[in-house]
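Architecture and fold: a report
Here is what each chain is made of, one letter per residue.
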Amino acid sequence: MANRLSRRQILGIGAGSVAAGAAWTEAGHSKSHNQPPGGRAKETGGRAYWQESYSGGPPNVAPLAPGLPGDHYKPVVVPNGAALPFKIVGGVKVFHLVAEEVDHAFDSGLRANCWGYNGRVNSTVIEAVEGERIRIYVTNRLPVATSVHWHGIYLPNGMDGVGGLTQPYVKVGETVKYEWTLRQYGSFMFHSHHDEMTQMGMGMIGMFIVHPRNPSPDYRVDRDFSLMISEWAVKAGTARPNTVEMTDFNVLTINGKVFPSTAPLVCKTGDRVRLRLGNLGAMDHHPMHIHGYHFRITATDGQDIPLSAQWPETTVLVAVGQTRNVEFVADAPGDWAFHCHMTHHVMNQMGHEFPNMVGVNPQGIDEKIRPLLPAYMTHGHTGMDMGKMAEVMPYPPNTISMKGATGPFGDYISMGGLFTIVKVRDDLASYEGDPGWYQQPSGTVALKANDDDLARDGIDVNDGAASPAPRSGGTGPPAPNRGHRH
Amino acid sequence: MAVRGTVWMGLLLLGLTGCASVNLSAGFPEIGAAVEERSATRIVWNRGSAVDQEATEQVRSLLERRLTADDAVQIAMLNNRELQAIYSDLGLAQADLVQSGLFKNPVLDAAILFPLSGVRPDLQLSVVVNLLDALYVPLRKRVAAAQFEEAKLRVTGAVLDFTAEVRRAFYVHQANEQMVELRRTIVQALTASLDVSRRLHAAGNISDLDLVRDRVQAEASKVMLRSAESDAQQSREQLNTLLGAWGEDTAWEIDGRMPDIPAEPLLVNGVEHVALARSLDLSHARQRIIVAGQQLGYSRASALIPDVDLGASAEREGGEGWKVGPAITIPLPLFDQGQARIARAATELRRAQQEYYALGVRIRSTARAVQERIASARDRALYYRDILLPLRERIVNEGQLHYNAMQIGIFQLLRDREQQIETGVAYVEALRDYWLARADLAQIASGRVPAPNGGRVGGRGGQMKVNEREGH
Ligand SMILES: [Cu+2]
């Protein structure tokens, strides 16, 4: 292993040399770094790559010196979260993970009693460096036993954290010690592996980022975001995730937050940007979609993808239990949406019992029902775009149903859940904070067409033939299937 | 001489009995006083006098206002003809009393015999008077007097039962009217729900199946409304009958809703004791013991010599002069020595005694049962009013918030509203049960003991009458 690492060092220094490329191929299980177009490194791949090991090789490798942020790696950005602090004791990087109850705010309108690590839910990130030895103390301040599994990481079997299988439970009030040497780099995760449905449903998950030792320049990015995706069942008006729910998840989060509380991903024009996406939700895969760019999927589950195998995407599917790294160059300034493309996942606490009112003629309904229910007002007949209404109609306490945010044009952004904004700016004083709404250069915003334009281009809005035929006579359904008697 | 003697004897007997005449209203003032004392209600015996007109005017003016339970009782007291008919029991008993004091009329026996050989016919005359009447009349009068007392108690009891019946009918009707109001609101809610369903269906958002399901709910609620309307109409007619109202008098309206449960629980100490002390049924039963006792005395006295006829007979045979002599008839107690009559009277007495004690047990038990019914109905009504109805209201209010947040739809909201009204129905039922039990308690306090079902306990005569009237 030391041999491999030394080769990696060589690679770091003299990347692109034929010799290094050959050595890589020989070493077999070393990994390719992300390759920019026209990258110099030779690609690896083929059967030989897999033959040596599926598990990172023998675990008894000599650790390297602990890596330090700034010196040995560029820390990831954790929107709405933070990396777990550490100290170095006798050449070992020591972390202290505390499993505990957390009063968590998904958004300004929704709090819940959750379980998490070190006072955060889904947004505590363990950050380490390839080759170093880590020691993680896990203190259990929950009312039940737990354990921590290090998802995707090569380690001795007894450190794998499956409660009851590879170790006794971490009992209430106990502190247990996990220790091993990291033999890989990439985007990984950690989560409770005891009563997962309850404990992960309560929020006991996090990203585990391992930086490569001496990364190649090709690997380096300007903005490296760690984004943990999850889903919850928090019924409107309740204040605890329902962990027996199996299918109906109504709060979908990035690092434990829903839009508009998701912190924007702030970039400077021209930055190389990496999004590390992990999904530890219960049931749902998420096709995460970016606007304005194509990105490349550069790594899956902590393994880099050879350049030749990468292809451009605007949507990356992140299945449950997977991580995906995507990278792009943020060369188009603006406010770009980044969201799950499953439409339910950019909503919040929708109710299943709300009938489909779309297209229903509301005339006279209120007058009939108000004698019985004085506060009644028909809604939903034009869909669920009612964010504004949500602000005037009283809601149950602790509910962010139908909540979105008012955008730069005064209109409501009728989205929630798995939604955030990549904010790319030419001029940026600091990456910290929200740079506000993008000011589009004049003439580059879709606005109401003026008469001159219409006249010039011969668009007659009143001419039925020239435009999609307006529906006449209301919203008649296809004739209902009547008389179908047997 | 003999004829004169007979006349003299007749006059003597006439003097013994006196000139007894029948006063048909005897006893009524006492009943009126008893009823007024026990139920604060004035009764009038309607017999074609000026008082009748006064009563009619009072009834008219009462019918013009929104009736309370007390008003209904007063109208019924003045206007119900069946009650008037019951008063006739008094007249009948009074007539019996007078009858019992009358001697049997003397018997004149005359015969003419035509001899086959002689010329002149024989004449035989006799005047016979029942001798023992002189002894038995006082005894018979005591029996009849006891029976008259019994009749007065019976009539008083029937009147008091009647007031309770009117009160109960009133509360039942009041509750029924409230039910109609509530059922109408449920129909309104489900019809509104159906209206929304129709629009959803028209928009293509729900299936024929869903629409039909929603329609069934709405239509079913109409059946229940119709049923409630009918109940209200039936109880109205029941009240009409009791009020003796017909024609334009049936246009009365009752006073709003049932009174709320009084804030303070009704504290009746020793309901059993009150029931026993005030019980007309017990007095009545006691009076029946007295009647049976008197009857037994009479039977004993007349057992051996049930009839002795004393008289004078005169005879003129042929051309001879009159022969006059006394005559006496005494039945020989060879076969009927009166033992059956005595045994019968003694059995009647024993039965009356057993009935008296049995009635006491029932009265105690019924008093306790009524007390429990009041407490239970009160608790239920208060629970509905103070706990369940506010909770139902809360569900509707919270549901409105969840509706706003698109968690539930209008259908759920209207169903919750419907359930709120159904809880109101249950509350009205509990309230009705409370006032019905209170009417029963009032009946107990006036000396009558209702059965758990609101019928009558004991008092055979009165009970029969009341049951006939209830006959539904
Ligand atoms: Cu999704």
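Everything in this summary refers to the structure shown in the same document. Keep in mind that what you see is a predicted model, and the values were worked out from it rather than measured.

Next up on the list: the overall build of chain B. Broken down by element type, chain B carries twelve helices and four strands. Buried positions account for 46% of the 472 residues belonging to chain B. Accessible surface, chain B as shown: approximately 23900 Å² in total, 56% of it carbon and sulfur.

Assigned secondary structure in chain A consists of seven helices and 24 strands. The burial tally for chain A puts 50% of its 486 residues in the buried class. Summarising the internal contacts of chain A: among those between residues at least 6 apart in sequence, 74% fall at separations of at least 24. Just so you have it, chain A exposes about 22300 Å², and 55% of that area is on carbon and sulfur atoms.

The next point concerns the packing of aromatic side chains. Considering all chains together, one arrives at 19 aromatic pairs over all chains under this definition. Aromatic side chains Phe259(A) and Phe419(A) sit 4.4 Å apart centroid to centroid with 85 degrees between the ring planes, which places their arrangement in the edge-to-face category. Of the two residues, Phe259(A) sits in the loop between strand S12 (251-254) and strand S13 (265-268) while Phe419(A) sits in strand S24 (residues 419-425), which places them 160 residues apart along the sequence. On the basis of relative accessibility, which here comes to 5%, the residue Phe259(A) falls in the buried class. Their ring planes at 35 degrees and their centres at 6.0 Å tell us that Phe354(A) and Tyr403(B) sit as a pair that is tilted. Taken as a pair, Phe354(A) in the loop between strand S21 (334-340) and helix H5 (365-369) and Tyr403(B) in helix H10 (residues 339-404) lie in two separate chains rather than in one. Here Phe354(A) and Tyr403(B) have matching classes, each one buried.

Turning next to a nonpolar patch on the surface. All names here are of chain B. Together, Leu-108, Leu-125, Trp-322 and Val-324 make up an exposed nonpolar region whose accessible area comes to about 390 Å². With respect to the secondary-structure elements, Leu-125 resides in strand S2 (residues 122-130). Classification of Leu-125 by relative accessible area gives partly exposed; the value is 32%.

This brings us to the coordination of the copper ion. All names here are of chain A. Taken together, His-286 (ND1), Cys-340 (SG) and His-345 (ND1) make up the protein donors of the copper ion, found 1.9 to 2.1 Å from the metal. As a motif over one chain, the donors of the copper ion read H-x53-C-x4-H. Of this pair, His-286 sits in strand S15 (residues 286-290) while Cys-340 is found in strand S21, placing the two residues 54 residues apart along the sequence. Neither residue differs from the other here; His-286 and Cys-340 are each classed as buried.

Each partner contributes to the interface: chain B provides 31 residues, whereas chain A provides 44 residues. When chain B packs against chain A, the two sides together hide about 3000 Å² of surface, and 63% of this comes from carbon and sulfur. It is Arg199(B), Met406(B) and Gln407(B) in chain B that bury the most area against chain A; as a group they hold 24% of the surface buried on that side. In this structure, Asp195(B) engages Lys368(A) in a salt bridge whose closest nitrogen and oxygen atoms are separated by 3.6 Å. Where chain B touches chain A, the interface holds 15 residue pairs in polar contact (both at pLDDT 80 or more). Mapped by element, the contributors of at least two residues to the side of chain B that touches chain A are helix H6 (133-202), H10 and helix H11 (410-445) of chain B. Per-element tally for the side of chain B that touches chain A: the top contributor is H6(B), with ten residues. Considering only residue class, the side of chain B that touches chain A consists of 16 nonpolar, eleven polar and four charged.

Below, the discussion takes up the sheet that holds S21(A). Residue and element names in this part refer to chain A. A sheet is described by the order of its strands in space; here five strands give the open sequence S13-S24-S21-S15-S19, paired in mixed fashion. If you trace the sheet from one side to the other, it starts and ends with S13 and strand S19 (315-318), each paired once. On average, adjacent strands in this sheet sit at an angle of 20 degrees to one another, irrespective of strand direction. Taken together, the three bridges between S15 and S21 define a ladder with antiparallel strand orientation. Its bridge partner lying in S21, Met-288 is registered against Cys-340.

What follows is about unusual backbone geometry. Where the residue is not glycine, phi is negative for most of them; where a peptide bond is considered, it is trans in most cases. Residues and elements named next belong to chain A. The step from Phe-259 to Pro-260 runs through a cis peptide bond, and the omega angle for that step is 10 degrees. For Pro-260, the position within the fold is in the loop between S12 and S13. One non-glycine residue with positive phi stands out, namely Asn-122, at about 70 degrees. When you line up the elements, Asn-122 lands in the loop between strand S4 (110-117) and strand S5 (124-129). A positive phi angle is found at Asp-301, which is not glycine, with a value near 45 degrees. Note on placement: Asp-301 falls in the loop between strand S16 (295-300) and strand S17 (303-304). Under the relative-accessibility criterion, Asp-301 is labelled partly exposed at 33%.

Residues and elements named next belong to chain B. Pairing within the open sheet is antiparallel, and its four strands lie in the order S1-S2-S3-S4. Two strands close off the open sheet at either side, each with one partner strand: strand S1 (107-113) and strand S4 (322-329). Strand-to-strand twist across the sheet, computed as the mean angle between neighbouring axes with direction ignored, equals 15 degrees. Alignment of strand S3 (residues 309-316) against S4, held across eight bridges, turns out to be antiparallel.

A word on the nonpolar core. One finds Ile369(A), Leu373(A), Leu243(B) and Ile410(B) to be the most contacted residues of the largest nonpolar core, which totals 108 residues. Among the elements that line this core, the one with the most residues is H6(B), at 23 residues. Beyond its immediate chain neighbours, meaning those up to four positions away, Leu373(A) contacts Val396(B), Gln400(B), Ile410(B), Leu413(B), Leu414(B) and Arg417(B). Judged by nonpolar contacts, the second largest core, of 29 residues, contains Ala128(A), Ile134(A), Trp150(A) and Tyr185(A).

With respect to the helices and strands, Gln371(B) occurs in helix H10. Distance in space between the C-alpha atoms of Gln371(B) and Asp440(B) is 9.3 Å, their sequence separation being 69 residues.

To continue, consider the pattern of salt bridges. Side chains that differ in sign of charge can pair as their charged atoms come close. All names here are of chain B. All told, the structure shown has 45 salt bridges over all chains when counted by the stated rule. Between Arg-65 and Asp-71 there is a salt bridge, with its nearest N and O atoms 2.8 Å apart. Taking the relative accessible area as the measure of exposure, Arg-65 reaches 47% and is therefore partly exposed.

The next thing to look at is the environment of Ala203(B). Along the chain, Ala203(B) turns up in the loop between H6 and helix H7 (208-243). On a C-alpha basis, the gap between Ala203(B) and Gln294(B) in space is 89 Å, while along the polypeptide they are 91 residues apart.

What counts as what
Residue positions within a chain follow its written sequence, with the count starting from 1. The naming scheme follows written order: chains are lettered A onward, ligands numbered 1 onward. Owing to the predicted nature of the model, reporting of local features is limited to residues with pLDDT of at least 70; listing and counting of side-chain atom pairs is limited to 80 or more, with chain, interface and lining totals taken over all residues. The basis for the side-chain values is all heavy atoms of the structure; hydrogens and waters are excluded. Labels follow the DSSP assignment, with helices taken as runs of H or I lasting at least four residues and strands as runs of E lasting at least two, numbered in each case from the N terminus. For every residue, the accessible area obtained with a 1.4 Å probe (protein chains only) is divided by the maximum for its type, and the residue is called buried under 20%, exposed over 50%, and partly exposed between those limits. Here the open area of atoms and residues is found with the Shrake-Rupley method and a 1.4 Å probe, where only the protein chains shown may cover a residue. Note on definitions: a residue-residue contact is assigned when non-hydrogen atoms from the two residues lie within 4.5 Å. Pairing of aromatic rings covers Phe, Tyr and Trp, the last counted by its six-membered ring, and requires centre-to-centre distances within 6.5 Å; plane angles under 30 degrees mean stacked, over 60 mean edge-to-face, and any other angle means tilted. Here a patch means residues that are over 30% exposed by relative accessible area and free of salt bridges, tied together within 9 Å if like-charged and within 5 Å if nonpolar (Val, Leu, Ile, Met, Phe, Trp, Tyr). Put simply, a salt bridge is a Lys or Arg side-chain nitrogen that is within 4 Å of an Asp or Glu carboxyl oxygen. Any nitrogen, oxygen or sulfur atom within 2.8 Å of a metal ion counts as a donor, with the limit raised to 3.2 Å for Na, K and Ca, and since water is left out, coordination shells can look unfinished. The term buried area refers to how much accessible surface (probe radius 1.4 Å) is lost by two components on association, counted for both of them together. N or O atoms within 3.5 Å of each other form a polar contact, as long as, within protein, one can give a hydrogen and the other can take it, and as long as residues adjacent in sequence are counted only when both atoms are side-chain atoms. Classification used: nonpolar for Ala, Val, Leu, Ile, Met, Phe, Trp, Tyr, Cys and Pro, charged for Asp, Glu, Lys and Arg, polar for all others including Gly. The criterion for strand pairing is that DSSP finds at least two bridges linking the strands in question. What counts as an axis is a line fitted to C-alpha atoms, over the stretch in contact for a helix, and the angles between N-to-C directions run from 0 to 180 degrees. We call a set of buried Ala, Val, Leu, Ile, Met, Phe, Trp, Tyr and Cys residues a nonpolar core when their side-chain atoms join them within 4.5 Å.

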